[in-house]
Amino acid sequence: MASQELRWRRPEPGDHARIMAVIDDWWGGRSMRAMVPRLFLDHFRGTSYIVEDPAGDLVAFLVAFDSPEDDDVTYVHFIGVDPARRGIGLGREIYDRVASDARHRGRRRLAAVTSPVNTASQAFHRSVGFEVGEAIEDYDGPGEARVPMTLNLD
Ligand SMILES: CC(C)(COP(=O)(O)OP(=O)(O)OC[C@H]1O[C@@H](n2cnc3c(N)ncnc32)[C@H](O)[C@@H]1OP(=O)(O)O)[C@@H](O)C(=O)NCCC(=O)NCCS
């Protein structure tokens, strides 16, 4: 397992500033800060994760919540792993934990969307078992296509 020395916990309000400090860098210089407003950390604590190293530095995070509209679905809004820790199974382990948690709450699917340009995200999600759909044009507004991704938990 990639992460035995790491600490896994639920987000706390102070984690927002730590995520803001790294998120653009972790996304390869894209401007991502507006995508993770603090409300996600304040209101979706019980379905999200923070991963830290023994020094307390942020190693990974995931923001997810149970859909209030579809009792089968846990929606994953964001997952990010420190570039220095990629490729050793941490992203897969995060999803293993999230899938197990969601199953225990009676959810039957994980759902997420990503940008068509984020082909690494699509490849990662495919590798961990998601079905990656066709891009939906204008999904998030004019010119903002998104690719739907679904993991069956049954
Ligand atoms: C996508 C991301 C979360 C993957 O995290 P990770 O810890 O490196 O992933 P893992 O090591 O657990 O890899 C799991 C599987 O995905 C594959 N994978 C991971 N990153 C990949 C990439 N960039 N391209 C192709 N496949 C990839 C791995 O090969 C592995 O497959 P395998 O087990 O069949 O060999 C990480 O690269 C990241 O934070 N990227 C920037 C943020 C982002 O785009 N997040 C997703 C959209 S919200």
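Residues numbered from 1 in each chain as written. Predicted model: local features only at pLDDT ≥ 70, side-chain atom pairs only at ≥ 80, totals over all residues. Heavy atoms only, no water.

Asker: Tell me about the packing of aromatic side chains, and please be specific about residues and values.
Answerer: Centre distance and the angle of the planes are the two values used to describe a pair of aromatic rings. Applying the stated criterion across every chain yields a total of nine aromatic pairs. Three or more aromatic residues link up through ring pairs in this structure, and these residues are Trp26, Trp27, Phe61 and Phe78. It is Arg10 that lies over the ring of Tyr49; its NZ or CZ is 4.3 Å from the centre. One residue, Arg97, lies across the ring of Trp8, its end atom 3.7 Å from the ring centre. (Phe/Tyr/Trp six-rings, centres within 6.5 Å; stacked < 30°, edge-to-face > 60°. Lys NZ or Arg CZ within 6 Å of the ring centre and 35° of its normal.)

Asker: Describe the site of the ligand, with residues and values.
Answerer: Within the structure, the ligand sits among 18 residues, and Ile79, Val81, Gly87, Gly91 and Arg92 are positioned closest to it. Here Arg86 contributes a side-chain N or O atom positioned 3.4 Å from an oxygen atom of the ligand. The contact in question runs from an oxygen atom of the ligand to an N or O atom on the side chain of Asn118, over 3.0 Å. Its free accessible area being 910 Å², the ligand has 71% of it covered by the protein chains. Going through the elements one at a time, β4 (73–81), α3 (90–104) and α4 (119–127) are the ones with two or more residues in the shell around the ligand. Per-element tally for the shell around the ligand: the top contributor is α4, with five residues. (Near = heavy atom within 4 Å. Polar contact = N/O pair within 3.5 Å; in protein donor to acceptor, adjacent residues only side chain to side chain. Areas by Shrake-Rupley, 256 points an atom, 1.4 Å probe, with all protein chains shown as cover. Helix = DSSP H or I, 4+ residues; strand = E, 2+ residues; numbered from the N terminus.)

Asker: Requested: an account of the environment of Ala34, with residues and values cited.
Answerer: Note that Ala34 resides in the loop between α1 (15–26) and α2 (38–43). Of the residues examined, Ala34 reaches a relative accessible area of 73% and is grouped as exposed. Separated by 14 residues in the primary sequence, Ala34 and Met20 place their C-alpha atoms 9.0 Å from one another. (Buried < 20%, exposed > 50% of the residue type's maximum accessible area, 1.4 Å probe, protein only.)

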